[in-house]
Protein chains: 2
Amino acid sequence: MDWRNVDTSNCSVGRTLDLIGDRWTLLLVRELLNDVRRFSDLRVHLDISAPVLSRRLKALGLAGLVVAVPYKEDGSRPRMEYELTETGRELQVVVLALMQFGDQHLADPKGPAVVLVDAASQQRVRLALVRPDGSVMPPDSLRWRKGAAFRELPH
Amino acid sequence: MDWRNVDTSNCSVGRTLDLIGDRWTLLLVRELLNDVRRFSDLRVHLDISAPVLSRRLKALGLAGLVVAVPYKEDGSRPRMEYELTETGRELQVVVLALMQFGDQHLADPKGPAVVLVDAASQQRVRLALVRPDGSVMPPDSLRWRKGAAFRELPH
DNA sequence: CAGTATCCCATATGATACTG
DNA sequence: CAGTATCATATGGGATACTG
């Protein structure tokens, strides 16, 4: 398959980048994955301006990745907490991929700031390519093939 | 671990986003991973303007992710081909993560345009979290723990 | 044709000031 | 305090015109 003839207007990489390909969204997702849910916590921890945070949350809501759920503390007005939807939580793989690349190639010489572990075994885990039977595949034997919605480039 | 106290200025997610977190770079990496290597091929296939393509290639070169190697066709002046370095090729995991999310949640109802297969077995493959022994872990039992370069947030 | 320099514009961001 | 409206600015992108 010559990739130059693939109609990439239909490619999931580009579609996903349209959704989350700005400087803040994935950092925001990282926070939400780690249960930072309140506007002011997000604002302070990300060091993001309030208007931008507000807009990003709305955009993610519109895309169905985040929902606002009200909570109430004694004596104060109800406020909102923001949490990832099931779909939004699946962005985890993107955040982890960024983290894995950064840890390997841009990291602090001392090592990673954060490591990923399996809650059950406490072993460190990583992203890898796996076959349907669950076996791990070497990254260089990956091939891209035409899928159901494949389109040749017109002309 | 309360993530609100983590000093995220040292986080690999953010560091990687600084490097490739714009709307073009990862699409460019997708092309390079698929052996589209020439300036004009990249320009046409991505539908990107020449100045931007030029700037992105330079930036990626500076970051050590891409190198320009000269080639010569009979009768014409030598030109450049752009290819990913070993480090650059490791961005594959990021591109695949975007693709996997998009295929699952933003895709054409007909299915994915492109599928990933293992060259040896021709089986479809996917990104998953695996333990050191190569066994696959369920995504919801993932935990983030302090790593060697962990820093608490001042104050 | 391969690539770059220049200029212009769209968009994203932050500061500030505001509302409930 | 939780958020939003408004505005100024920075950054990234494209059009055009240029060089070798």
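So, here is what we can say about the structure in this document. It should be emphasised that the depicted structure is a prediction, and the values quoted were computed from it without experimental measurement.

A look at the interface of chain B and chain A
Here's step 1: Listed per partner, the contact involves 80 residues of chain B and 82 residues of chain A.
Here's step 2: Both faces considered, chain B and chain A share a buried interface measuring about 7,900 Å² in area, 64% of it formed by carbon and sulfur atoms.
Here's step 3: Linking chain B with chain A are four salt bridges, by the criterion used here.
Here's step 4: Of the charged contacts in the structure, one is a salt bridge between B:R131 and A:D118, with a shortest N-O distance of 2.7 Å.
Here's step 5: Counting every contact that joins chain B to chain A gives 41 residue pairs in polar contact (both at pLDDT 80 or more).
Here's step 6: Going through the elements one at a time, α1 (12-20), α2 (25-33), α3 (39-46), α6 (92-105), β3 (114-118), β4 (126-130), β5 (136-137) and β6 (142-146) of chain B are the ones with two or more residues in the side of chain B that touches chain A.
Here's step 7: Tallying contributions element by element places α6(B) first for the side of chain B that touches chain A, with 13 residues.
Here's step 8: Of the pairings in the sheet, the one linking strand β6 (residues 142-146) of chain A to β3(B) comprises five bridges and is antiparallel in character. Directly across from A:R145, in β3(B), lies its bridge partner B:V115.

Topic: the protein's contact with DNA strand D
Here's step 1: Near DNA strand D lie 18 residues; those nearest to it are A:F39, A:S54, A:K58, B:W24 and B:R56.
Here's step 2: Close to the protein, within 4 Å, the atoms of DNA strand D are drawn from sugar and phosphate at a rate of 73%.
Here's step 3: Within the side chain of A:S40, one N or O atom sits 3.5 Å away from a phosphate oxygen of DNA strand D.
Here's step 4: B:R56 has a polar side-chain atom sitting 2.9 Å from a phosphate oxygen of DNA strand D.
Here's step 5: Listed by contribution, the elements that provide at least two residues to the surface near DNA strand D are α3 (39-46), α4 (50-62) and β2 (79-84) of chain A together with α4 (50-62) of chain B.
Here's step 6: Of the residues in the surface near DNA strand D, the class split is nine nonpolar, three polar and six charged.

Things to note about empty space enclosed by the protein
Here's step 1: Inspection of the entire model under this criterion finds three cavities of 30 Å³ or more.
Here's step 2: For the largest cavity, the calculated volume is near 80 Å³.
Here's step 3: Elements that contribute at least two residues to the lining of the largest cavity include exactly α1 (12-20) and α6 (92-105) of chain A together with α1 and α6 of chain B.
Here's step 4: For the lining of the largest cavity, the class distribution of residues is ten nonpolar, two polar and two charged.
Here's step 5: Here the second largest cavity is characterised by a volume of approximately 50 Å³.
Here's step 6: Lining the second largest cavity are A:M99, A:D103, A:P112, A:A113, A:V114, B:N10, B:C11 and B:S12.
Here's step 7: Of the residues contributing to the lining of the second largest cavity, the split by class is five nonpolar, two polar and one charged.

A closer look at the nonpolar core
Here's step 1: The biggest cluster of nonpolar side chains holds 85 residues, and the ones touching the most others in it are A:W144 and B:W144.
Here's step 2: In contact with A:W144, not counting residues within four places along its chain, are A:M1, A:W3, B:R30, B:N34, B:V95, B:L96, B:M99, B:V114, B:V115 and B:L116.

Description of the relation of the copies chain B and chain A
Here's step 1: Note on the identical chains: chain B maps onto chain A by a rotation of 180° and an axial translation of 0.0 Å, with an RMSD of 0.0 Å. On the angle and the small slide along the axis, the relation comes out as a two-fold axis.
Here's step 2: When you check the interface residues of chain B against chain A, 99% turn up at the interface there too, and the contact is symmetric in its surfaces.

As for the side chain of B:N10
Here's step 1: Secondary-structure assignment places B:N10 in the segment before α1.
Here's step 2: Only 3.4 Å separates the side chain of B:N10 from the side chain of B:R15, close enough to count as a polar contact.
Here's step 3: The residues contacting B:N10, other than those within four sequence positions of it, are A:D108, A:A113, B:R15, B:A149 and B:R151.

Comments concerning α1(A)
Here's step 1: Of all the residues in α1(A), the buried ones are A:S12, A:V13, A:G14, A:T16, A:L17 and A:I20.
Here's step 2: Buried residues along α1(A) sit against α2 (25-33) of chain A together with α2 and α6 of chain B.

Focus: the protein's contact with DNA strand C
Here's step 1: Around DNA strand C sit 19 residues, and of these A:R55, A:R56, B:F39, B:S54 and B:K58 come closest.
Here's step 2: Atoms of DNA strand C within 4 Å of the protein belong to the sugar or the phosphate in 71% of instances, the rest to bases.
Here's step 3: In the environment of DNA strand C, a phosphate oxygen lies 2.5 Å from a nitrogen or oxygen atom belonging to the side chain of A:R56.
Here's step 4: With respect to DNA strand C, the side chain of B:Y82 contributes an N or O atom lying 2.8 Å from a phosphate oxygen.
Here's step 5: Only α4 of chain A together with α3, α4 and β2 (79-84) of chain B provide two or more residues apiece to the surface near DNA strand C.

Quick look at the packing of α2(B) against α6(B)
All names here are of chain B.
Here's step 1: Where α2 contacts α6, the two axes come as close as 10 Å, and the packing angle between them is 110°. Classed by the angle they form, the pair α2 and α6 counts as roughly perpendicular. Contacts between α2 and α6 involve L26, V29, R30 and L33 from the first element and Q92, V94, V95 and L98 from the second.
Here's step 2: Split into classes, the residues belonging to the contact of α2 with α6 amount to six nonpolar, one polar and one charged.

Digging into unusual backbone geometry
In terms of backbone geometry, most residues other than glycine have negative phi values and most peptide bonds are trans.
Here's step 1: Phi at A:D35 takes a positive value of approximately 65°, unusual for a residue other than glycine.
Here's step 2: The topology assignment puts A:D35 in the loop between α2 and α3.

Parameters at a glance
- Residues numbered from 1 in each chain as written.
- Chains lettered and ligands numbered in written order.
- Predicted model: local features only at pLDDT ≥ 70, side-chain atom pairs only at ≥ 80, totals over all residues.
- Heavy atoms only, no water.
- Contact = heavy atoms within 4.5 Å.
- Buried area = accessible area lost by both parts, 1.4 Å probe.
- Salt bridge = Lys/Arg side-chain N within 4 Å of Asp/Glu carboxyl O.
- Polar contact = N/O pair within 3.5 Å; in protein donor to acceptor, adjacent residues only side chain to side chain.
- Helix = DSSP H or I, 4+ residues; strand = E, 2+ residues; numbered from the N terminus.
- Pairing = 2+ DSSP bridges.
- Near = heavy atom within 4 Å.
- Nonpolar A, V, L, I, M, F, W, Y, C, P; charged D, E, K, R; others polar.
- 1 Å grid on protein atoms, 1.4 Å probe; cavity = no way out; pocket = protein on both sides within 12 Å on 5 of 7 lines; lining within 4 Å.
- Points joined across faces, edges and corners; volume = space filled by probe spheres on them.
- Core = buried A, V, L, I, M, F, W, Y, C linked by side-chain atoms within 4.5 Å.
- Buried < 20%, exposed > 50% of the residue type's maximum accessible area, 1.4 Å probe, protein only.
- Least-squares fit on C-alpha atoms with pLDDT ≥ 70 in both.
- Axes fitted to C-alpha atoms, helices over the stretch in contact; angles between N-to-C directions.
- Parallel < 35°, antiparallel > 145°, perpendicular 65-115°, else oblique.

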